[in-house]
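# Commentary on secondary and tertiary structure
Each chain is listed here by its residues.
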Amino acid sequence: IKIPENAKVLDPCCGSGSILINTLSKNHNPSNIYAFDIDEAALLICHINLILFFNNADISPHIQKQDLIFSDNMDLLSKDNGKYDFIVTNPPWGSKLTKAEKDILLHDYSLLGTTEVFSIALYNSLKKLSENGSLNFFLPESILNVSTHKNIRKFLLNSHRNIEIL
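Residues numbered from 1 in each chain as written. Predicted model: local features only at pLDDT ≥ 70, side-chain atom pairs only at ≥ 80, totals over all residues. Heavy atoms only, no water.

This brings us to the packing of aromatic side chains. Tallied over the entire structure, the rule returns 4 aromatic pairs. With centroids separated by 5.9 Å and ring planes inclined at 85 degrees, the aromatic side chains of tyrosine 109 and tyrosine 123 adopt a geometry described as edge-to-face. With tyrosine 109 in the loop between α3 (99-108) and α4 (117-127) and tyrosine 123 in helix α4, this residue pair connects regions lying 14 residues apart in the sequence. Members of the aromatic cluster, joined through ring pairs, are Tyr109, Tyr123 and Phe155. A cation over a ring is seen here: lysine 8 above tyrosine 84, with NZ or CZ 4.9 Å from the ring centre. (Phe/Tyr/Trp six-rings, centres within 6.5 Å; stacked < 30°, edge-to-face > 60°. Helix = DSSP H or I, 4+ residues; strand = E, 2+ residues; numbered from the N terminus. Lys NZ or Arg CZ within 6 Å of the ring centre and 35° of its normal.)

Listed below in structure tokens is the structure:
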């Protein structure tokens, strides 16, 4: 995965930032980097890893606690109406959810008809992608043929985007 140096980049499930570090170049503008996660310790590690990667303690990436699954307000810190040129992540798979959480997801994402969090992460991320943006997700093969994922497949096919599976 190659991210253009001038791209506004989001990793909405950044963890320690390893995907960003392995896809950005040292010439990338740190102020165009957005990294979200629900784990505050992981966010701190991500920030430290980006400082080490850029070899600069004064960088200003946008690192924030943000829940991609249970929040639709991913544009708190972003410009351009919350749209990103490049979104890359390894979303959570097979998360253990309570019955109440599943009910919320089935209500809030009735279009998807699933509580599988990577489908919801994919759906929410695609909504935040700029018109000519690139979305790169690490997903399980089951998205291609398991009936639980049929609605996210339909959504993707109807999104009028070029889709490439590697």
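Having seen it, we continue.
Let's shift gears to the pattern of salt bridges. What the rule picks out here adds up to 2 salt bridges. Here lysine 65 makes a salt bridge to glutamate 40, at a shortest N to O gap of 3.4 Å. Linking lysine 65 in strand β3 (residues 62-65) with glutamate 40 in helix α2 (residues 40-54), this pair joins segments that are 25 residues apart in sequence. For the salt bridge of lysine 99 with aspartate 103, the shortest nitrogen-to-oxygen distance reads 3.1 Å. Residue lysine 99 and its partner aspartate 103 are located together in helix α3, separated by 4 residues, close to a single helical turn. (Salt bridge = Lys/Arg side-chain N within 4 Å of Asp/Glu carboxyl O.)

This brings us to the packing of α4 against helix α5 (residues 150-157). Where α4 contacts α5, the two axes come as close as 10 Å, and the packing angle between them is 20 degrees. Taken as axis vectors, α4 and α5 run roughly parallel relative to one another. In the packing of α4 onto α5, the handedness of the crossing is left-handed. Residues Ser119, Leu122, Tyr123 and Leu126 of α4 touch α5, and the partners they reach there are Ile152, Phe155 and Leu156. Looking at the contact of α4 with α5 residue by residue, the classes come out as 6 nonpolar, 1 polar and no charged. (Axes fitted to C-alpha atoms, helices over the stretch in contact; angles between N-to-C directions. Parallel < 35°, antiparallel > 145°, perpendicular 65-115°, else oblique. Left-handed = near helix turned anticlockwise from the far one by under 90°. Contact = heavy atoms within 4.5 Å. Nonpolar A, V, L, I, M, F, W, Y, C, P; charged D, E, K, R; others polar.)

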